[in-house]
Amino acid sequence: EHTHRHHRDTDAIRELDEVIRIVPSFEKAFLARAVAWHRKGDNKRAIADFDEGIRLQPGNSSAYNDRAGTFRDMGEPDRALADYNEAIRLDPTSQVTLANRGLLYMMMSDAKHARADFNSVLALPPTDKWAVDTPTLTRRHSCGQPVQVDLLCHHCGQPVTHDTIHAELAGT
């Protein structure tokens, strides 16, 4: 699967290079190529293409969200946070961006801000594909009250942070 995706991204980059050569002001081509570069692990080229796409269409909140994810993966949380903030300024109801920023806050061990973002997602009607396709996202308790994300371990009562989450395979 990884090799197949790598070849698919390489082909997409080659095709997008040609589109950009023909129409150098087509921001969607830069943004699509940025995503392909990011998936291939070439974050420097991804950022350059995100920068150009954002320069061509500065009001595109999705572009800021996607560039923030690249900064996050590069280990640059401050730059990621700045882009998530700009994306949310442009589209305050983007559930995907609010959730992504919440996850970044978790990585930064900032449970207070993470909780606020997750509760903002829960308070919004499910309009984003992410929210609609996430069957585990519960918005209201059966009693009818809004669900609040407390970010506390229900076993020991301690705060949940990026450093306190340990993944393990089921059955191990």
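Every value quoted in this text rests on a predicted model; they were computed, and no experiment measured them.

How each quantity is defined
Residues numbered from 1 in each chain as written. Predicted model: local features only at pLDDT ≥ 70, side-chain atom pairs only at ≥ 80, totals over all residues. Heavy atoms only, no water. Helix = DSSP H or I, 4+ residues; strand = E, 2+ residues; numbered from the N terminus. Buried < 20%, exposed > 50% of the residue type's maximum accessible area, 1.4 Å probe, protein only. Areas by Shrake-Rupley, 256 points an atom, 1.4 Å probe, with all protein chains shown as cover. Expected span 1.5 Å × (residues − 1). Contact = heavy atoms within 4.5 Å. Axes fitted to C-alpha atoms, helices over the stretch in contact; angles between N-to-C directions. Parallel < 35°, antiparallel > 145°, perpendicular 65-115°, else oblique. Left-handed = near helix turned anticlockwise from the far one by under 90°. Nonpolar A, V, L, I, M, F, W, Y, C, P; charged D, E, K, R; others polar.

J.: Just checking my understanding: could you explain the overall build of the protein for this structure?
T.: Helix and strand counts for the protein stand at eight helices and zero strands. Taken from N to C terminus, the helices and strands of the protein fall in the order α-α-α-α-α-α-α-α. Put simply, the protein has 172 residues, and 34% of those count as buried. Within the structure as shown, the protein displays about 10600 Å² of accessible surface, and the carbon and sulfur contribution to it stands at 55%.

J.: What exactly am I supposed to notice about the environment of Ala82 here?
T.: Checked against the element boundaries, Ala82 lands in helix 5 (residues 77–90). Taking the relative accessible area as the measure of exposure, Ala82 reaches 44% and is therefore partly exposed.

J.: Help me out: how do you make sense of helix 2 (residues 27–40) in this one?
T.: The α-helix winds at 3.6 residues per turn, so residues separated by three or four positions along the chain end up facing the same way. Here helix 2 contains 14 residues, and its C-alpha end-to-end distance of 20 Å stays within 8% of the 20 Å for a straight helix at 1.5 Å per residue. The first or second residue beyond helix 2 is Gly41, which carries a positive phi of 90°.

J.: Please explain unusual backbone geometry as it appears in this structure.
T.: Most peptide bonds take the trans configuration, and most residues that are not glycine carry a negative phi. One non-glycine residue, Ser109, lies in the positive phi region at around 60°. By the element assignment, Ser109 lies in the loop between helix 6 (95–107) and helix 7 (111–123).

J.: Can you walk me through the environment of Phe50 in this structure?
T.: With respect to the secondary-structure elements, Phe50 resides in helix 3 (residues 43–56). Each C-alpha atom, one on Phe50 and one on Ala63, is 6.7 Å from the other, the two residues being 13 residues apart in sequence. Those residues in contact with Phe50 that lie beyond four places of it in its chain are Leu31, Ala34, Val35, Ala63, Asp66, Arg67 and Thr70.

J.: What exactly am I supposed to notice about the packing of helix 4 (residues 61–73) against helix 5 here?
T.: The description of two packed helices rests on the angle between their axes and on the distance between the axes. Two elements in contact, helix 4 and helix 5, have axes whose closest approach is 8 Å; the angle formed by their N-to-C orientations is 165°. Here helix 5 runs roughly antiparallel to helix 4, going by the angle between their axes. Classified by chirality, the crossing of helix 5 by helix 4 is left-handed. Here helix 4 contributes Ser61, Tyr64, Asn65, Arg67, Ala68, Gly69, Phe71 and Arg72 to the contact with helix 5, which in turn contributes Arg79, Ala80, Asp83, Tyr84, Glu86, Ala87 and Leu90. Tallied by class, the residues present in the contact of helix 4 with helix 5 amount to seven nonpolar, three polar and five charged.

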